[in-house]
Amino acid sequence: MHISTINFCGQTKHLRGHGSTKSERYKDLGVELKAACLARREGINAPNYQALPFVHGRELGVKYTIEGEPANFENNPITKEHIENLLQNFYLMDKMGLYHRNLSLPNIFYSENGKVEIGSMREAAKYIQENDGFSLKNSEMLSFIMPSNAEAFETQSLCRYLSRIEEDDKKDELIRTYLKEKSDYHKFRADFLRAKGFKDTDRAVLFETAQSEVFKAPSDDIVNYTEWKLEAIRTRKNATIMWHKANGCLDGKINPTERFASVVMMLNVLKNTISLRDNAALLSENATSLAERQYFAFEKELLDLWVDNIYGDTRRGGEDNFCNKDFANGKGLFLGRAEDRELFDELYREIDPKSPAQEAEKSIDAVIEYYKNLIADWTPEENQEYKMHYLKQTVSV
């Protein structure tokens, strides 16, 4: 495989380390420099931090130059050549046992002639093979699947890029192009696994082989499913970001109403993911080719895991809004009284995430309606009243 290397000669950037103390920032800076150097040594297009150091205030950093900009559909669109080069870089990272945890839009630079640069290499986690599986702390991935940087790109970057394309035919065209280019990526991964001692009958190899086959000339079922899956990923990420932002994790500003709303959004994500899982299950039985049936069977298994995770996360978030004594530096957040929380728990237990989508949707909608009514009645004054109610209960107990 050939990788188009980049001679960085564009805009000047400044890199400094992250951390609360100077020593932590120096250490972080050193980790990034080392990670990028190791990546470039393997042929990966990571930043070349070889320019002279600079001093920002009293702290050391490095200057470097880049060619390219983050993807933008209107001004700097992702092309077929970019996709080919990205997947080649991702395959090299896979071979190194690296899984990048931040392949978001701002961390990938696209320039002319299909060239790409992948930044923030210090956020690439090392994983190892363990028997017939892989060690990586990723609760969203089945253990037998070899961690994939293409999958990380899809969940962290591609889903957001696609959401900004208004024309359906343009979106469809990009997905088809991406999947076609991805066919060889999965073929190379299957061959790599065999070279590592995996058998053709091992699930890791079967999954890569199935993807390679169905992506060669993706059917409408494959393209539509991919689009729905990426949209489900994007909306789930939006709900998670809203939750963390409402807690002040991103900007220090606390917003109870957004925290409440994020639970409702996550309940809708649960509905959509169950529907997507049922669609994968149906296609695993009725798809025209054996490869597609195998592919959708694997996807159904993956979505079972996602549904379980979303179900648990949403329940914990929904309950936590009722009596969170630590919220807002001890002021507390109380969406309702103890009996309101008990009714929420009762309604939530009626949701069977393993049931068909039509059945699950009714139970989820009942929870959404109840939760929205509580939100509509909530005010800061009511919050204080609910807080006193909980305090009285605690004292009486």
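Data block above holds the structure.
Residues numbered from 1 in each chain as written. Predicted model: local features only at pLDDT ≥ 70, side-chain atom pairs only at ≥ 80, totals over all residues. Heavy atoms only, no water.

Undergrad: What's the story with the pattern of salt bridges in this structure? I'm lost.
TA: Once the charged atoms of two side chains with opposite charge are near each other, the side chains can pair. Per the counting criterion, the structure on display carries 23 salt bridges. With a closest N to O distance of 2.8 Å, Glu 208 and Arg 189 form a salt bridge. Of this pair, Glu 208 sits in helix α5 (residues 203-216) while Arg 189 sits in helix α4 (residues 168-195); the two residues are 19 residues apart in sequence, bridging distant segments of the chain. Each member of the pair, Glu 208 together with Arg 189, is buried. Salt bridges sharing partners connect three or more residues here, namely Lys 187, Asp 191, Arg 194 and Asp 200. (Salt bridge = Lys/Arg side-chain N within 4 Å of Asp/Glu carboxyl O. Helix = DSSP H or I, 4+ residues; strand = E, 2+ residues; numbered from the N terminus. Buried < 20%, exposed > 50% of the residue type's maximum accessible area, 1.4 Å probe, protein only.)

Undergrad: I tried to follow the side chain of Thr 226 on my own but got confused; where do I start?
TA: Of note, Thr 226 is situated in helix α6 (residues 220-246). With residues near it in sequence (within four places) discarded, Thr 226 still touches Ile 175 and Leu 179. (Contact = heavy atoms within 4.5 Å.)

Undergrad: Help me understand the environment of Lys 34 in this model?
TA: Mapped onto the elements, Lys 34 comes out in helix α1 (residues 22-41). A residue is classified by how much of its surface remains accessible, and Lys 34, at 58% relative accessible area, is exposed. Between the C-alpha atom of Lys 34 and that of Met 121, which follows or precedes it by 87 residues, the distance is 8.9 Å.

Undergrad: Which parts of the structure should I look at to understand helix α3 (residues 149-163)?
TA: Side chains three or four residues apart in an α-helix point the same way, a direct result of the helix having 3.6 residues per turn. With 15 residues, α3 ought to run about 21 Å at 1.5 Å a step, and its terminal C-alpha atoms sit 20 Å apart, in line with that. With respect to burial, α3 is a largely interior element, 14 of its 15 residues being buried. Residue Ser 148 occupies the N-cap position of α3, its side-chain oxygen lying 3.2 Å from the main-chain nitrogen of Ala 150. (Expected span 1.5 Å × (residues − 1). Polar contact = N/O pair within 3.5 Å; in protein donor to acceptor, adjacent residues only side chain to side chain.)

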